[in-house]
Amino acid sequence: MGISFNAQERVFRLETPGSAYLIALIDEAGFLAHAYYGRSIPDDNMQYLTRSLSDQPFREMGRQLDYLNNLPMEYPCRGTGDFREACLAVETDEGYRTANLTYVSHKIYGGKPPLEGLPATCGGAEDCETLELLCEDKALGLHVTLLYTAFTRLDAITRSARIENAGTSGLSLTAALSACLDMEDQGFDLITLHGGWGCERMLCREALRWGEQGVRSTRGISSHQENPFIALAQHTATQDQGQVYAMNFVYSGNFLAQVESSHEGQLRAVMGIAPEEFRWYLSPGGAFQTPEAVLVYSHEGLGAMTRTFHDLYRKHLVRGPWRDRPRPSLVNNWEATYFDFDTEKLLDIARTAAKSGVEMLVLDDGWFGGRKDDHSSLGDWVVNEEKLPGSLKRLADEVNALGMKLGLWMEPEMVSPDSDLYRAHPDYALQIPSRDPILSRWQLVLDFSRKEVRDCVYDQLHKVLSSANIEYVKWDMNRELSDVWSSALPAGRQGELRHRYVLGVYELQERLLRDFPGLLLENCASGGSRFDPGMLYYSPQIWTSDNMDVVERLRIQEGTAMVYPLSTISAHVPACPSHTNGRTTPFETRGQVALPGCFGYELDLTKLTEEELSMIPGQLEDYKKYGPVFHDGDYYRLASYRENGEYDAFMSVTKDKGLAVVNYVQVLSRVPRKPPVLHLRGLDEGRRYRFTETGEERSGAAWMYGGLLLPRMMGDFHGKLFVLEEVRP
Ligand code: DGJ
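Residues numbered from 1 in each chain as written. Predicted model: local features only at pLDDT ≥ 70, side-chain atom pairs only at ≥ 80, totals over all residues. Heavy atoms only, no water.

Draft legend 1. Molecular detail of the site of the ligand. Taken together, 13 residues sit near the ligand, with D364, D365, K474, D476 and D546 positioned nearest. In this structure, a nitrogen atom belonging to the ligand sits 2.7 Å away from a side-chain N or O atom of D476. G527 is positioned with one of its backbone polar atoms (N or O) 2.8 Å from an oxygen atom of the ligand. Protein coverage of the free-state accessible area of the ligand, which is 290 Å², stands at 98%. Taken together, the residues of the shell around the ligand sort by class into four nonpolar, three polar and six charged. (Near = heavy atom within 4 Å. Polar contact = N/O pair within 3.5 Å; in protein donor to acceptor, adjacent residues only side chain to side chain. Areas by Shrake-Rupley, 256 points an atom, 1.4 Å probe, with all protein chains shown as cover. Nonpolar A, V, L, I, M, F, W, Y, C, P; charged D, E, K, R; others polar.)

In structure tokens form, the structure reads like this:
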């Protein structure tokens with residue numbers, strides 16, 4: 001396991017438990033070519049795979065355009081005759097637009113360095129090894145360090161690049177991507193997570209065709225529409241078999257994840273900041289660090305890919321005191337009251353919640369400035385004492401007296417034109433002076449690239465959070481970036497703004513966590529439009545979608561959980577009929593669909609029927625008992641309503657394989673017939689398990705290969721948790 005260099009073969013080997021990644025140093029040219037990535041192989045002499053078109057060595061072919069256009073490259077550059085998507089593109093002050101990198105030296109060491117100002121996975125020497133490959137373009141005076149980290153217990157490799165101008169004149173980076181996978185097209189499907197507001201991360205799977213295809217965001221955030229994730233899965237790959245190569249970007253702004261497949265059977269997949277709208281000026285001595293891309297390989301299908309992402313993110317990305325702690329159950333007042341609340345109304349909800357055992361009240365939008373609806377006051381983070389007499393202190397004290405915590409909603413990145421902040425500092429908003437800016441939800445985006453803007457917002461937040469016992473913050477962000485221009489940057493550097501904005505958001509969240517170390521932070525963005533590994537570095541949980549209707553949530557949570565752990569997926573029991581689509585579903589099923597995530601209620605508890613109220617303690621007990629199995633265990637997708645149009649099922653198994661919980665939802669009922677059989681996964685074949693519903697005992701093998709007969713339930717939208725406990729002798 002780990003990383004080595006075979007000097008004779010001139011090959012770098014990155015090895016994880018089930019995969020090998022080989023980089024070849026090509027002949028005298030010093031190109032870093034991609035030799036192999038896939039299932040573990042013992043051999044280092046894999047250079048032959050880099051000669052895809054011609055057997056002739058570099059000395060005969062190296063200056064021929066065709067050579068570079070076909071060489072599988074580790075970090076391809078634009079301008080030399082490699083016409084596929086480049087990771088690096090430059091423009092010098094003289095207007096030269098060619099870059100060409102060759103190897104200089106390397107370092108291999110234990111552990112993983114942090115990426116300054118950026119979120120990234122982390123690990124010590126016992127968890128991972130890092131390879132730094134220093135390359136240069138002598139003509140440009142450009143040094144590029146390619147960073148690779150291989151995890152010793154997970155089939156995950158991370159990549160990023162540090163680009164330094166070691167020359168004497170300035171140059172602009174016009175593309176600086178993070179990773180490239182140049183390899184053989186083995187007949188792949190491209191899997192992406194497409195969506196929109198209320199339907200985030202819908203799983204899409206389509207056969208790759210020749211040419212370019214992929215996903216991107218140019219919205220300034222990772223977006224509702226596309227998640228920074230792609231997987232290349234063999235056509236035949238299922239949950240438990242077949243090869244899968246996945247890439248996920250630890251970043252929350254514009255991104256590109258593109259695959260180009262050629263008729264010659266070659267494929268290039270790249271991931272990084274979208275070059276569109278990007279330009280970064282490097283003065284002599286200046287440096288740019290790209291965000292990190294995570295590569296996961298599985299030869300045991302999509303399920304193993306998912307579990308690798310879950311383990312990696314739970315232990316090596318999410319940080320802080322809440323990483324391993326059960327997350328509190330909560331009641332959020334958004335769909336209960338929208339903007340129409342006061343202290344008394346909130347306390348009514350809290351009292352009902354406390355009686356049932358809910359642990360936290362979250363006060364959502366509308367508590368500040370003169371905010372009566374979404375037309376005003378963002379930026380004025382001062383408590384509205386007309387609604388909340390005695391301020392947040394009184395509310396927090398009373399909520400605490402009920403034995404509950406208090407959480408608070410904020411939207412720090414935004415400003416309403418109708419606000420004191422905007423009236424005093426219109427230049428704090430991103431906008432172009434000669435134009436009327438485009439509004440979205442009546443608001444503008446603050447220029448978080450500027451320290452004075454961040455400081456002004458942060459000082460206000462700090463004051464609010466210090467004024468009362470607030471133990472959780474929901475950090476919302478409700479619009480995309482448009483009219484992107486900053487008064488603080490010269491014309492030639494406006495291309496840096498989108499990235500500087502994202503760095504500003506990261507800096508502020510880091511500050512918040514430093515000053516309030518016990519705080520539980522939940523990110524949110526108009527539902528789930530910034531659900532990405534970048535945000536997970538700061539907040540252990542993210543609001544998944546504003547759509548809480550159980551049927552649609554099944555699809556949203558299926559797509560989300562394919563990459564992100566259940567412990568990061570916030571899910572609430574919504575009001576009925578659903579505020580997003582009007583569907584009526586049983587309270588019990590709404591609870592069950594939310595249960596595997598970070599669980600809460602988002603409705604007016606004071607308006608529930610006695611029968612509904614009486615179900616809450618049981619739901620909370622299930623959350624206490626089985627939440628940890630879902631949050632910390634191994635996730636297995638068993639059936640998908642998206643595919644079968646009838647029912648949905650997944651299960652989680654504790655790491656010691658002693659307890660398994662199946663979350664089953666019958667979406668549409670069918671005429672009586674033989675009940676469906678659910679083939680369980682992840683149990684120990686040889687151990688015996690009791691199905692608690694019926695008391696039946698069987699071996700893990702029987703439950704997996706024979707299967708569990710599903711009980712017949714009459715009617716639509718019924719769910720059930722099935723528990724299997726190990727029978728200990
Ligand atoms: C969008 C979020 O997704 C909702 O949960 C809610 O907090 C609203 N914003 C409040 O404006």
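Draft legend 2. Region of interest: the packing of aromatic side chains. Scanning the entire structure with this criterion turns up 34 aromatic pairs. For the ring pair W367 and W381, a centre distance of 5.8 Å and an interplane angle of 40° mean the geometry is tilted. Residue W367 is found in the loop between β22 (360-363) and α6 (391-401), and its partner W381 is found in the loop between β22 and α6; the two are separated by 14 residues along the sequence. In this structure W367 comes out as buried when scored by relative accessible area, which is 0%. You can call W381 buried: its relative accessible area is 2%. For the ring pair Y635 and F650, a centre distance of 5.3 Å and an interplane angle of 35° mean the geometry is tilted. Linking Y635 in strand β31 (residues 634-639) with F650 in strand β32 (residues 647-653), this pair joins segments that are 15 residues apart in sequence. (Phe/Tyr/Trp six-rings, centres within 6.5 Å; stacked < 30°, edge-to-face > 60°. Helix = DSSP H or I, 4+ residues; strand = E, 2+ residues; numbered from the N terminus. Buried < 20%, exposed > 50% of the residue type's maximum accessible area, 1.4 Å probe, protein only.)

Draft legend 3. Focus on the sheet that holds strand β30 (residues 598-602). Overall, parallel pairing links the eight strands, which are arranged β21-β22-β23-β26-β27-β28-β29-β30 in a closed barrel. Taking each pair of neighbouring strands and ignoring which way they run, the sheet shows an average axis angle of 30°. Pairing of strand β28 (residues 541-543) with strand β29 (residues 569-574), which is carried by two bridges, proceeds in the parallel orientation. Considered in β29, the bridge of W543 is made with S570. Contacts between α6 and the sheet are confined to β22, β23 (405-410) and β26 (470-475), with β23 contributing the most and set at about 140° to the helix. (Pairing = 2+ DSSP bridges. Axes fitted to C-alpha atoms, helices over the stretch in contact; angles between N-to-C directions. Contact = heavy atoms within 4.5 Å.)

Draft legend 4. The arrangement of the environment of L421 in detail. As for its position among the elements, L421 is in helix α7 (residues 420-424). Its relative accessible area of 7% is what places L421 among the buried residues. A sequence separation of 128 residues divides L421 from A293, and the C-alpha atoms of the two residues are 37 Å apart. Leaving out residues up to four positions away in the same chain, L421 has contacts with G379, D380, V415, Y428, L446 and C456.

Draft legend 5. Summary view of the side chain of Q666. Its place among the elements puts Q666 in strand β33 (residues 659-666). In terms of polar contacts, Q666 uses its side chain to reach the backbone carbonyl oxygen of M713, at 2.7 Å. Once you skip the residues sitting within four places of it in the chain, Q666 turns out to touch E646, Y647, M713, M714, G715, D716, F717 and H718.

Draft legend 6. The layout of surface pockets, seen in detail. Considering only enclosed or pocket space, the largest pocket measures out at about 500 Å³ in volume. Taken together, 26 residues form the lining of the largest pocket, with R314, K315, D324, H631 and D632 sitting closest to its centre. When residues of the lining of the largest pocket are traced back to their parent elements, those giving at least two are α3 (301-316) and α13 (610-632). The biggest single contributor to the lining of the largest pocket is α13, with six residues. (1 Å grid on protein atoms, 1.4 Å probe; cavity = no way out; pocket = protein on both sides within 12 Å on 5 of 7 lines; lining within 4 Å. Points joined across faces, edges and corners; volume = space filled by probe spheres on them.)

Draft legend 7. Highlighting the sheet that holds strand β4 (residues 31-39). If you walk across this open sheet you meet the four strands as β1-β2-β3-β4, and the pairing is antiparallel. Strands at the two margins of the open sheet, each flanked by one partner only, are β1 (2-6) and β4. Taken pair by pair, the neighbouring strands of this sheet meet at an average axis angle of 15°, ignoring direction.

Draft legend 8. Geometry of the environment of L14. For L14, the location among the structural elements is in strand β2 (residues 11-16). Assessed through its relative accessible area of 0%, L14 is described here as buried. What L14 contacts, discounting residues up to four positions off in sequence, is G2, I3, S19, A20, Y21, I23, L131, Y148, A150 and I157.

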